[in-house]
Amino acid sequence: MPTVEGVLAALSPLAAGLAAGLSLIVAIGAQNAFVLRQGMRREHVLPVVLVCALSDLVLIAAGTAGLGALVTGAPALRTAVRWGGAAFLLTLAALAARRALRPGGLDPASGAGATSARSAVGTSLALTWLNPHVYLDTVLLLGSLAAGYAAAHAGSAGDPDAARWLFGVGAMVASVLWFTALGFGARLLAPVFARPGAWRVLDGAIAVVMATIGVSLLLGG
């Protein structure tokens, strides 16, 4: 019969994966801003949340399975991802900064008519699969952390593969919880973001975060 200590030891990679996943996914970005906007408009929230969460599940699983280590071992590919990600993020930062100077661009009440389901899903797919930073977070960073847990259990009585996949599952749970809460809980923020000044603050924060990450990619080796 398993002891309490044994159960906690087995769950520690799961908890670590959950924490690591939340720390990466919760960071303000274009994808989160879009989910937030759709949630406040109450437009196609379920398909948008499903696209973002399921995409993350696929990418996290790929990283956990070892794709992250494979990419890390390919210097040319790693460099291309780093520079491509930096360019993408700096472009997003510039666009967010421009919106911050002209508040109201993301106002859920603005725009001509409602967004179609096809357009909402297409935008969600583009913000996920065309964003190199998503690959850096899910495939490379979470994949490397999962591999680290496997290595830590290699010389112990624990199963390295089980530890790696428990970590990956924890990160997957974090993604599902975050996008669900963001999409369906966004309506609670509608009164706050009815003011253009609130969008100015949000877009300013997005610009700072995206620029910081982009510059760090350029300066990183």
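Residues numbered from 1 in each chain as written. Predicted model: local features only at pLDDT ≥ 70, side-chain atom pairs only at ≥ 80, totals over all residues. Heavy atoms only, no water.

> Is there a simple way to think about the overall build of the protein in this case?
The number of helices and strands found in the protein is eight helices and zero strands. Order of helices (α) and strands (β) in the protein, N terminus to C terminus: α-α-α-α-α-α-α-α. Burial status across the protein gives 39% buried among its 221 residues. For the protein, restricting intrachain contacts to residue pairs at least 6 apart in sequence, the fraction spanning at least 24 positions comes to 85%. Only carbon and sulfur atoms are counted for the fraction: they give 74% of the accessible area of the protein, which is about 10800 Å². (Helix = DSSP H or I, 4+ residues; strand = E, 2+ residues; numbered from the N terminus. Buried < 20%, exposed > 50% of the residue type's maximum accessible area, 1.4 Å probe, protein only. Contact = heavy atoms within 4.5 Å. Areas by Shrake-Rupley, 256 points an atom, 1.4 Å probe, with all protein chains shown as cover.)

> Just checking my understanding: could you explain the environment of Gly 197 for this structure?
In this fold, Gly 197 is placed in helix H8 (residues 196-219). Accessibility expressed as a relative area gives 39% for Gly 197, which makes it partly exposed.

> Help me understand helix H2 (residues 30-41), please; the structure alone is not making it clear to me.
With 12 residues, H2 should reach 16 Å at 1.5 Å per residue; the first-to-last C-alpha distance of 16 Å fits that figure. Within H2, 11 of the 12 residues are buried, leaving the element largely enclosed by the surrounding structure. Within the sequence span of H2, burial applies to Gln 31, Asn 32, Ala 33, Phe 34, Val 35, Leu 36, Arg 37, Gln 38, Gly 39, Met 40 and Arg 41. One or two steps after H2, the chain reaches Arg 42, where phi turns positive at roughly 60 degrees. (Expected span 1.5 Å × (residues − 1).)

> Got a minute to help me understand the nonpolar core in this structure?
The tendency in soluble globular proteins is for nonpolar side chains to be buried as a group. If you look at the biggest cluster of nonpolar residues, it comprises 23 residues, and the most contacted ones within it are Val 35, Leu 36, Met 40, Val 48, Phe 179, Phe 193 and Leu 202. Residues within four places of Val 48 in sequence aside, it is in contact with Phe 34, Val 35, Gln 38, Ala 120 and Ser 124. One finds Ile 60, Leu 142, Phe 167 and Ala 171 within the second-largest nonpolar core, a separate group that totals eight residues. (Core = buried A, V, L, I, M, F, W, Y, C linked by side-chain atoms within 4.5 Å.)

> Help me understand a nonpolar patch on the surface, please; the structure alone is not making it clear to me.
On the surface, a cluster of nonpolar side chains totalling about 370 Å² of accessible area is made up of Leu 46, Leu 50, Leu 54 and Phe 184. The biggest single contributor to the nonpolar patch is helix H3 (residues 45-72), with three residues. Counting through the fold element by element, Leu 46 comes out in helix H3. (Patch = residues over 30% accessible without salt bridge, like charges linked within 9 Å, V, L, I, M, F, W, Y side chains within 5 Å. Salt bridge = Lys/Arg side-chain N within 4 Å of Asp/Glu carboxyl O.)

> Explain helix H5 (residues 117-129) here, please?
Helical geometry note: an α-helix holds 3.6 residues per turn, so side chains three or four residues apart project in the same direction. Helix length check: H5, at 13 residues, gives a terminal C-alpha distance of 18 Å against a target of 18 Å (1.5 Å per residue), a fit within 8%. When we look at burial in H5, the residues that qualify are Ala 120, Ser 124, Leu 127 and Thr 128. One side of H5 carries all its buried residues, which in axial view fall inside an arc of 100 degrees. (Arc of directions from axis to C-beta.)

> Which parts of the structure should I look at to understand the side chain of Thr 128?
Topologically, Thr 128 is positioned in helix H5. Of the polar contacts made by the side chain of Thr 128, one reaches the side chain of Gln 31; its length is 2.5 Å. Excluding anything up to four places from it in sequence, Thr 128 contacts Gln 31, Cys 52, Ser 55, Leu 59, Val 134 and Tyr 135. (Polar contact = N/O pair within 3.5 Å; in protein donor to acceptor, adjacent residues only side chain to side chain.)

> Honestly, the packing of aromatic side chains in this entry has me stumped. Any pointers?
Two aromatic rings, taken as a pair, are described by how far apart their centres are and by the angle between their planes. Scanning all chains against the criterion turns up one aromatic pair. For the pair Trp 129 and Tyr 135, a centre-to-centre distance of 6.3 Å together with 70 degrees between the ring planes defines the contact as edge-to-face. (Phe/Tyr/Trp six-rings, centres within 6.5 Å; stacked < 30°, edge-to-face > 60°.)

> What is the right way to look at the confidence of the model for the protein in this model?
Reading fine detail from the predicted coordinates is not recommended where pLDDT is low. Per-chain confidence: the protein averages 77 in pLDDT, with 75% of residues scoring 70 or above. Across the protein, element-level confidence peaks in helix H7 (residues 160-185) with a mean pLDDT of 90 and bottoms out in helix H1 (residues 4-25) with 70. (pLDDT = per-residue confidence, 0-100.)

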